[in-house]
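Observations on the three-dimensional arrangement
Spelled out from the first residue to the last, the chains are:
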There are 2 protein chains.
Amino acid sequence: MRQSSLFAPTLREAPSEAEAASHRLLLRAGMIRQTAAGVYTYLPLAWRVLRKLEQIVREEMDRTGAQELRMPSLQPAELWQESGRYGAYGPELVRLRDRHDREFALGPTHEEVVTALVRDELHSYRQLPMTLYQIQTKFRDERRPRYGLLRGREFLMKDAYSFDTGWDGLGDTYRRMHEAYERIFRRCGVDVRAVEADAGAIGGEGGTHEFMALADIGEDTIATCSHCGYAANLEKAEARAAVPEKEEPEEGELEERKPEKKEPEEGKAAKPAPAAEKIHTPGSRTVEQLAEAAGARAQDIIKTIVALADGKAVAILVRGDHEVSEIKVRSRLGAASLELADPETVARLTGCPVGYLGPVGMKLPLLVDHAVAAMNLGIAGAGEPDWHLRNVRPGRDFPLDAVGDFRQAQAGDACPRCDEGSLRFYRGIEVGQIFKLGTKYSAKLNAVFTNPEGQVEPVLMGCYGIGVSRLLSAVAEQHHDEAGLIWPWAVAPFHVHVVPVSVRDEVQMAAAESLYRTLTDSGVEVLMDDREERPGVKFKDADLLGIPIRIVIGKQAGEGLVEYKERNQAESAVVTAEEAADRIQARRNVS
Amino acid sequence: MRQSSLFAPTLREAPSEAEAASHRLLLRAGMIRQTAAGVYTYLPLAWRVLRKLEQIVREEMDRTGAQELRMPSLQPAELWQESGRYGAYGPELVRLRDRHDREFALGPTHEEVVTALVRDELHSYRQLPMTLYQIQTKFRDERRPRYGLLRGREFLMKDAYSFDTGWDGLGDTYRRMHEAYERIFRRCGVDVRAVEADAGAIGGEGGTHEFMALADIGEDTIATCSHCGYAANLEKAEARAAVPEKEEPEEGELEERKPEKKEPEEGKAAKPAPAAEKIHTPGSRTVEQLAEAAGARAQDIIKTIVALADGKAVAILVRGDHEVSEIKVRSRLGAASLELADPETVARLTGCPVGYLGPVGMKLPLLVDHAVAAMNLGIAGAGEPDWHLRNVRPGRDFPLDAVGDFRQAQAGDACPRCDEGSLRFYRGIEVGQIFKLGTKYSAKLNAVFTNPEGQVEPVLMGCYGIGVSRLLSAVAEQHHDEAGLIWPWAVAPFHVHVVPVSVRDEVQMAAAESLYRTLTDSGVEVLMDDREERPGVKFKDADLLGIPIRIVIGKQAGEGLVEYKERNQAESAVVTAEEAADRIQARRNVS
């Protein structure tokens, strides 16, 4: 294609609000434009990349035996009511009414539609297993669209749904999909980690993995063990149960780990723990202020957090140096939503302002993190303004009825799986997620089959997503430098950028046209910069667009010489046009 | 692919509400399923056909130099307000609000979005001409979804938008698109007629053509001349101005055509036309009743129709044997909408019930069709219940201030273009439409460029649509018989259907597997019916699915013989497997 007619309006500067490198460069390279917040137009170059990503996804899905189909975006609200998600999905679900005032959702995902489709056609175990997939535009009304295509409200997604007769079959399908995902991301040139994850709004009973493309801009944090293969999304990463404190801590001595719930310890009556006592702490509302005022460490303090789980208030206790994990609390309570209570709500529910809450005398149900339960004596709010309590003893001064893992893991935490490693943190972009749904949807929507014994059972389902437009951004995040994008061959919008320095020079143009034809005829995708621009502009644009190979045709064209340069290499070489064509074919064959 | 794992649930009977053959057969062949009224899931076989249709469209668009991109479905309402269509598009536009209560339209078409995109990037005539296109899911909240994919609320469409510096350039682009459309439909195997059409809600100043696939179920009527090349959508087809009646009609004598508006004729005072007189016509509300009661022909009667043009009432006069053309009236009045008034509204506006309305003394503005204006004396309502007037004389008894073509053309009408032909009618399915928009959108959205003289001008636009999912139905309408579908090779879901009669017969299965591999390796797409079903079921399904070539492998497999049959031929032949493979390759090469 000739660049003079290509619609790729490059920019010298990207809008200042573009924080992510991929967002900046895709804008600057004339590949995307914003139509509304979180809603983008993919211009021709980006569309070429997306079609190649799609094709890789399609080939690998087909290779697993999955069948492509296309379900509608307009989904009757009744289906979402059947699954129970119409309320639960919240404001991210785009809702609308048709001219007859019937309610519809605009598909963010298709579990309901596919389950209803299959239930109507599924009769016997003989029809199973089966996997269906589609590559489609999805809609999700994100609260905070950002980072260009990374968190958009309209995006391209591949979603697959599997149907098996039992957990073993689902396990096999899940493993095949996991392998297909590894191949897809490798072919697209994206470095990913598969991590244990939370099932979120999709739900399901059988576990889930996310595929995280490592990138500093990533909105997710992944925790990996320095020793074993453990890797999990931070929101899901297990925090190892803490070692209980000794009654009288002694340097260098470690006690064995004990059961979570601290029992009253007999045989220690000789040296009773001191009673809780009030300390006056005006102005000490934060952990830092309190630690300073009380001359204590953050890990000696018990934080009390009030949250609303599906609207019902609970108090969560974590150590002063720890953070509450909303996901873990939600999961323990089986709640669809969890919100931290605002100060007014806290005051209304407890009669005490934020900063002075404590577990002693607390009327709300208490959820106690392992690390708090393991404390000997701690400092906590007194439940009245300007006062805290010290020598608060878990189990004595407040009940340990609900102890569990309610905090976020921290870098340096001991690995929850092995005895040797500790957790390291990385930032990642979620580019895919796979779920063992089990019977979550099939039971609710009555998608059943008759087994060989003639009994009716719900079908076992899995679902498997890849964010195709997000993948475009992930490739850009992992493949760029300061001058622009550096596309991997397999997904590059064009393979070769032929740049005649002066389009008015007939010798240069003849050489360029000849090379263009030779390459194009052999199936190489060539962009020729036939624009009447200064060489500096052309080279800057070429670096920005990031086509893998650049052939500059300049003054030595008369001698049959051109400059060959790969975008990801610093050096270039002056070679004959034939040699350049050979090198391109060689480069193509290894890609 | 093996049919035992193909998700193509065939049906013996189609739901009785499926009126169109394509709808019935696509349902029965397990190719589509309805998710909501006018909203369908394309199952794997249909999706394969759609992808081939898409690819043909894409190749021909690329061949014209158009560039593919992808614009979003979520369109900010502000853009539609800028173009003035947010109100005018009516309830067919799907509207929604996001979580911040901002209004969006769900794209039925993308003139606004593409014009806004281009205006931001367009500076100079040097960037023109340019054509952009996309193949995308569109949304239109049809009042009455019907005929399966023919009139759906969510559908696949190719929409292209061209940008030129002037009308000449637009004319060239339009002609190239017209030619591309002819190639696309030919390659898809669809017989179409390009006809003059109405621009509808898209609008524009430069004319428009529809591409009509001939089919009995078609919702449009097209009028073509028996002699010249004239062809138009009935709603647009011109009705030739009628020859004025003679004062005293005489058998066999023809008068020359006269100007439309009848002038008072001098020199005829000797024989004045009789005055209008009331006749008592209780119960004669329809043309038929009145003709019977008054002993007259339908063409002697003047029908008076009250309609609301953008809410403003007008009375339209057409002959008793003619029908009002809403499109022509709307176009004459420059109105965005035209509705026939209901009986209550008619009574309120005129003080007279429907059936007795007449032009004499009518207070509403009168639009008089040519054929009425050409009448000598006619019969019309008297404007009071149970009475009509006879000897009503146009121009004498009511004014001829607004005479024009306000009726639908009729089969047998003289051709409006040539002197020899008459109009014939056919039913058609609109599968594409192309428009010269001119500056309709660029002027409103300020998409301008600087011309070589340094002056700023609005860009000239065209737009070009193809209903891709509708095209699937059109192919099915034109290619089927009573037993099922008959796919043209270029868009068939598979090319060859290999049907071993008994999957338990090892010889048959070995022959089938061998042929399957041979064909698949050579790039032929093969579906193998490896299901354990009775031969009758397999053959019925094969006819229903309509794959172009069927190879039955039965008892003669041991002798190396198979049955070769083309779906569109009655006869079959018993040949060797090698001969069958050769015939398939030969068939492929001519397709």
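Residues numbered from 1 in each chain as written. Chains lettered and ligands numbered in written order. Predicted model: local features only at pLDDT ≥ 70, side-chain atom pairs only at ≥ 80, totals over all residues. Heavy atoms only, no water.

As annotated in an unreviewed UniProt entry, chain A is Proline--tRNA ligase from Cohnella zeiphila. Looking at the Subcellular location (unreviewed entry) heading of the UniProt record, one finds this comment for chain A: "Cytoplasm". Recorded in UniProt under Subunit (unreviewed entry), the annotation for chain A is "Homodimer." (UniProt positions renumbered as here; feature names shortened; annotations may be inferred.)

1. What to know about the relation of the copies chain A and chain B
Between the two copies of the chain lies a rotation about an axis combined with a shift along it. Mapping chain A onto chain B calls for a screw motion: a turn of 180° about the axis and a shift of 0.0 Å along it, with 0.2 Å RMSD after fitting. Seen this way, the second copy is the image of the first under a two-fold rotation axis. It is Leu96(A) whose C-alpha, among those of chain A, lies nearest the rotation axis, at 2.7 Å. Looking at the interface residues of chain A, 98% of them are also at the interface in chain B, so both copies use one shared face. (Least-squares fit on C-alpha atoms with pLDDT ≥ 70 in both. Contact = heavy atoms within 4.5 Å.)

2. Considerations on the side chain of His322(A)
All names here are of chain A. Turning to its location among the elements, His322 is positioned in the loop between β15 (312-319) and α8 (326-333). Since its relative accessible area comes to 3%, His322 is described here as buried. Setting aside anything within four residues of it in sequence, one finds His322 in contact with Lys303, Asp369, Ala371, Arg407 and Gln410. (Helix = DSSP H or I, 4+ residues; strand = E, 2+ residues; numbered from the N terminus. Buried < 20%, exposed > 50% of the residue type's maximum accessible area, 1.4 Å probe, protein only.)

3. Some remarks on α8(A)
Residue and element names in this part refer to chain A. Inspection of α8 places Ile327, Lys328 and Val329 among the buried residues, and these make up the whole buried set. Those residues of α8 that are buried lie in contact with β15, β16 (338-340) and β17 (366-369). Looking one or two residues beyond α8, the residue adopting positive phi is Gly334, at roughly 65°.

4. Topic: empty space enclosed by the protein
Across all of its chains, the model carries eleven cavities of 30 Å³ or more by this definition. Estimates place the volume of the largest cavity at around 280 Å³. Together, 23 residues line the largest cavity, and Glu54(A), Arg70(A), Ile135(A), Arg70(B) and Ile135(B) are the ones closest to its centre. Of all the elements in the fold, those that place two or more residues in the lining of the largest cavity are α2 (44-63), β7 (130-139) and β8 (154-164) of chain A together with α2 (44-63) and β7 (130-139) of chain B. A per-class count over the lining of the largest cavity returns seven nonpolar, six polar and ten charged. (1 Å grid on protein atoms, 1.4 Å probe; cavity = no way out; pocket = protein on both sides within 12 Å on 5 of 7 lines; lining within 4 Å. Points joined across faces, edges and corners; volume = space filled by probe spheres on them. Nonpolar A, V, L, I, M, F, W, Y, C, P; charged D, E, K, R; others polar.)

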